[in-house]
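Architecture and fold: a report
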Amino acid sequence: MLFQTPKHAFIALHGFLPPQQPSIPSSSQQKQIKMDKLLFPHVFSLALTFFFLPQMPLLQSLASPPDGYSRPPARNVIFTTHDRSDQEPQQVHISLAGSDHMRVTWITDDKHSKSIVEYGTQPGRYDAKATGEHTSYHYFFYSSGKIHHVKIGPLEPNTSYYYRCGGHGPEFSFKTPPATFPIEFAVVGDLGQTEWTKSTLAHVDSQDYDVFLLPGDLSYADSQQPLWDSFGRLVEPSASRRPWMVTEGNHEIEIFPIIYPHGFKPYNARWQMPYEESNSTSNLYYSFDVAGTHVIMLGSYTDFDCDSDQYKWLVSDLSGVDRQKTPWVVVLLHAPWYNTNTAHQGEGESMRNAMEVLLYKARVDVVFAGHVHAYERFTRIYDNMADPCGPVYITIGDGGNREGLALTFKKPSSPLSLYREPSFGHGRLRILDEKRAHWSWHRNNDSDSVVGDEVWLDSLSTSKACWGADHDGINNSSKDEL
Ligand SMILES: [Fe+2]
């Protein structure tokens, strides 16, 4: 059976649009979804999904690409099995949770397992203990395990801690980030759980770093909840030893009309980020400070217009940034605002129109995005023009997803786009001090990691030209420096 496009194949198989549709249906669109689609037996649909999912790259390669680009065959999805007892923790990951604190998250099949973390600075010697909370969720016929979230601290910076979850099972360890520069971020978007994912994570872990940043699209579970568990197990070796800070992509939405109309149910239950610690009311956008860097995680798939909660929160968050304390300001979001790939053209445009001026006025240094499965680095931009006081825009949606790469870039290239390449890989932002940082992009060459692009960046906090009296406007003398 051949379908005109993968989307048509998916609709034919499931009776509803695939969850990885690039834009969220508006509430009015949701109401228009016909009941006959909803009545399609879901169990049958899931069974078909499991059978046909591995065939999707083949279907994609057979189908006529709707927007002019074709993707190479992706590598196989890895399903990581559960090999511990019901009482033992699985899917352990940590995340920064306010000043000097870390949130430890894990899942147990045993519903009676306690939400406690024992920890200390010596292996096997736990002189501190914290109790947290737990949650669980249902998604159609799937019931999650017990999801534990425990906040521990205060912790010393740049220190190794050893910890055990729930009083059972293996010991884990992590290192806290430094209190001051230098600090190194690993940046990986659209990670997925394929052989490419494994390769990318091996390359990330082959060199030390402090904090992992992920601008959306984690597990590609796409409503198949066991794939969230599999993803948690796959990333545990990395995510239990360094804080993983994530924001949502379109693959986290998992909306199902009427039954799960708001989306993000599995994502919010499993990947709790420090939104309360940063005065946000939603797990879909938040910020944190680490070693002289203010990192803002925005949500491409929740409201962002000027009357939205996210917009108001961003205004408030940016107004509280002290560039003496955090000279670097970095933003992550999923759908790129600047993109010369033929894939996902214009999908970040509404958000850019709403929020770009806020980031520009705040002199944000770098904006990372995912979504497009390729790497692209732009110059400093404001409102589609090179501007020395605007952020550097980087798309890094090439972590290893099962959909393959976005091979085709628009021609001719834009002068704003300085490097672009459709290869899997990851990035590293090493901030040396309040002025200088080094960005590098590392291509996956099978088992090797090769630097494909690198550049030195200067923080805008030290640019006198960008902090003149005409703060809101474009400084002409700065423009001359281009
Ligand atoms: Fe995406």
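Here's what I pulled together on the structure shown here.

Cut-offs and rules
Residues numbered from 1 in each chain as written. Predicted model: local features only at pLDDT ≥ 70, side-chain atom pairs only at ≥ 80, totals over all residues. Pairing = 2+ DSSP bridges. Helix = DSSP H or I, 4+ residues; strand = E, 2+ residues; numbered from the N terminus. Axes fitted to C-alpha atoms, helices over the stretch in contact; angles between N-to-C directions. Buried ≥ 20, exposed ≤ 12 C-beta atoms within 10 Å, placed from the backbone. Right-handed = clockwise from strand over helix to strand, strands pointing away. Parallel < 35°, antiparallel > 145°, perpendicular 65-115°, else oblique. Contact = placed C-beta atoms within 7 Å. Nonpolar A, V, L, I, M, F, W, Y, C, P; charged D, E, K, R; others polar. Core = buried A, V, L, I, M, F, W, Y, C linked by C-beta atoms within 7 Å. Domains from an automatic or database assignment.

Strand-to-strand pairing in sheets goes through backbone hydrogen bonds, with the strands running parallel or antiparallel. Spatially, β4-β3-β9-β10 is the arrangement adopted by the four strands of the open sheet, whose pairing is antiparallel. Each edge of the sheet is formed by a strand with only one pairing partner; in this case those strands are β4 (128-131) and β10 (172-175). Each strand of the sheet is rotated relative to its neighbour by a mean of 30 degrees, with strand direction disregarded. Bridge count between strand β3 (residues 116-120) and β4: four bridges; the pairing is antiparallel. Paired with V117 across the bridge in β4 is A130.

So, on to the pairing of strand β17 (residues 366-369). Residues V366 and F368 point to one face of β17 and V367 and A369 to the other, with burial holding for every one of them. For strand β16 (residues 328-332) and β17, the ladder comprises three bridges, and the chain directions are parallel. The partner of V330 across the bridge, within β17, is V366. Read from β16 through helix α10 (residues 349-361) to β17, the crossover connection turns out right-handed.

Bringing the packing of helix α6 (residues 195-205) against helix α7 (residues 226-239) into the picture now. At a minimum axis separation of 10 Å, α6 and α7 run at an interaxial angle of 10 degrees. If you check the angle between α6 and α7, you find them roughly parallel. Contacts between α6 and α7 involve T197, L201, V204 and D205 on the former and, on the latter, L234, V235 and S238. Broken down by class, the residue content of the contact of α6 with α7 amounts to four nonpolar, two polar and one charged.

To continue, consider the nonpolar core. Within soluble globular proteins, side chains that are nonpolar tend to cluster in buried spots. Residues V104, L213, M245, M297, V331, V367 and F368 are the most contacted members of the largest nonpolar core, which totals 99 residues. For this core, the leading source of residues is α7, giving six residues. Lining this core are residues from two domains, each supplying at least three of them: domain 2 (90-175) and domain 3 (183-479). Not counting residues up to four positions away in its chain, the partners in contact with V331 are I296, L298, L359, V364 and V367.

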